[in-house]
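Now for the letters of each chain:
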Amino acid sequence: MKLTSLVLVGLLGFTDMSQQPQRPIEYSPKVIDILVHLYNKHPREFPLCQLGQKRNGTYYIQDVSIPHVFYTDSIGTNYDANDCRKLKNYLGMIHNHINKNPCAPGLIDMIRFTSKAEERTSIESVVCHTSLDSNSVNIVSILKTRIPDSMIKRLRFLADSLKIRNNK
Ligand SMILES: [Zn+2]
């Protein structure tokens, strides 16, 4: 059985949005299928551009696109972010965390998501398995509208301090 669950992560803690009548993000069956098949047994991190649109307060992810991947291993990936940014319906990245990585965007993910280069994006998502043999995935997403401006400023300051570039 294929199953996906969506949990929105606030910066101050986890919030289970399943109690709310309208989910802020909806994935199409096609995208869920792709995520389950691509990520279920993938031994490395792999990035995808999330494509869709916002209607009546909900982001609908209707498709994904594969950017050019320069490098990938079990803890990170390096890809051409412009392959996603040039797409009209690009809403943000989704990638998998494997092994013992927390099932949520990490600091480097957040620095990229809040960078000026990604200003147009709204959603940063991470996919995790519920178990290695299962056909289900969990998707944990952060909406940019839920991140306080002060936090975005801090992340940009941190990126400058660490000389992290977000061209790629
Ligand atoms: Zn990550």
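This text gives an overview of the structure that appears in the document. (Residues numbered from 1 in each chain as written. Predicted model: local features only at pLDDT ≥ 70, side-chain atom pairs only at ≥ 80, totals over all residues.)

**Considering helix 4 (residues 149–161)**
- With 13 residues, helix 4 ought to run about 18 Å at 1.5 Å a step, and its terminal C-alpha atoms sit 18 Å apart, in line with that.
- Little of helix 4 sits inside the fold, with one of its 13 residues counted as buried. (Helix = DSSP H or I, 4+ residues; strand = E, 2+ residues; numbered from the N terminus. Expected span 1.5 Å × (residues − 1). Buried ≥ 20, exposed ≤ 12 C-beta atoms within 10 Å, placed from the backbone.)

**Some words on helix 1 (residues 29–39)**
- The set of residues buried in helix 1 consists of V31, L35 and Y39. One side of helix 1 carries all its buried residues, which in axial view fall inside an arc of 40 degrees. Within helix 1, the exposed residues directed more than 90 degrees away from the buried face are P29 and K30.
- Lining the buried residues of helix 1 we find strand 3 (25–27), strand 5 (58–65), strand 8 (90–96), strand 9 (123–129) and strand 10 (136–143). (Arc of directions from axis to C-beta. Contact = placed C-beta atoms within 7 Å.)

**Some points on the environment of V140**
- Residue placement: V140 occurs in strand 10.
- On the basis of neighbour count, V140 is assigned to the buried category, with 21 C-beta atoms found within 10 Å.

**Structural notes on the environment of L35**
- Topologically, L35 is positioned in helix 1.
- Here L35 falls in the buried class, since 22 other C-beta atoms lie within 10 Å of it.
- A sequence separation of 29 residues divides L35 from V64, and the C-alpha atoms of the two residues are 9.2 Å apart.
- In this structure L35 touches V127 and V137, once residues within four positions along its chain are discounted.

**Let's talk about the pairing of strand 9**
- With respect to burial, strand 9 is a largely interior element, six of its seven residues being buried.
- Where strand 8 lies against strand 9, three bridges are found, and the strand directions are parallel. Each residue of the ladder has a partner; that of I94, found in strand 9, is S125.
- Where the polypeptide runs from strand 8 across helix 3 (residues 107–113) and back to strand 9, its parallel neighbour, the crossover connection is right-handed. (Pairing = 2+ DSSP bridges. Right-handed = clockwise from strand over helix to strand, strands pointing away.)

**Describing the environment of H129**
- Looking at the secondary structure, you find H129 in strand 9.
- Among the residues examined, H129 registers 20 C-beta atoms within 10 Å and is labelled buried.
- Spatially, the C-alpha atoms of H129 and I139 are 8.9 Å apart, while their sequence positions differ by 10 residues.

**Thoughts on the nonpolar core**
- Residues C49, I61 and V127 are the most contacted members of the largest nonpolar core, which totals 23 residues.
- Elements supplying a minimum of two residues to this core: strand 3, helix 1, strand 4 (47–55), strand 5, strand 8, strand 9 and strand 10.
- A per-element tally of this core places strand 8 first, with four residues.
- For V127, the contacting residues outside a window of four places in its chain are L35, Y39, I94, N96, V137 and I139. (Core = buried A, V, L, I, M, F, W, Y, C linked by C-beta atoms within 7 Å.)

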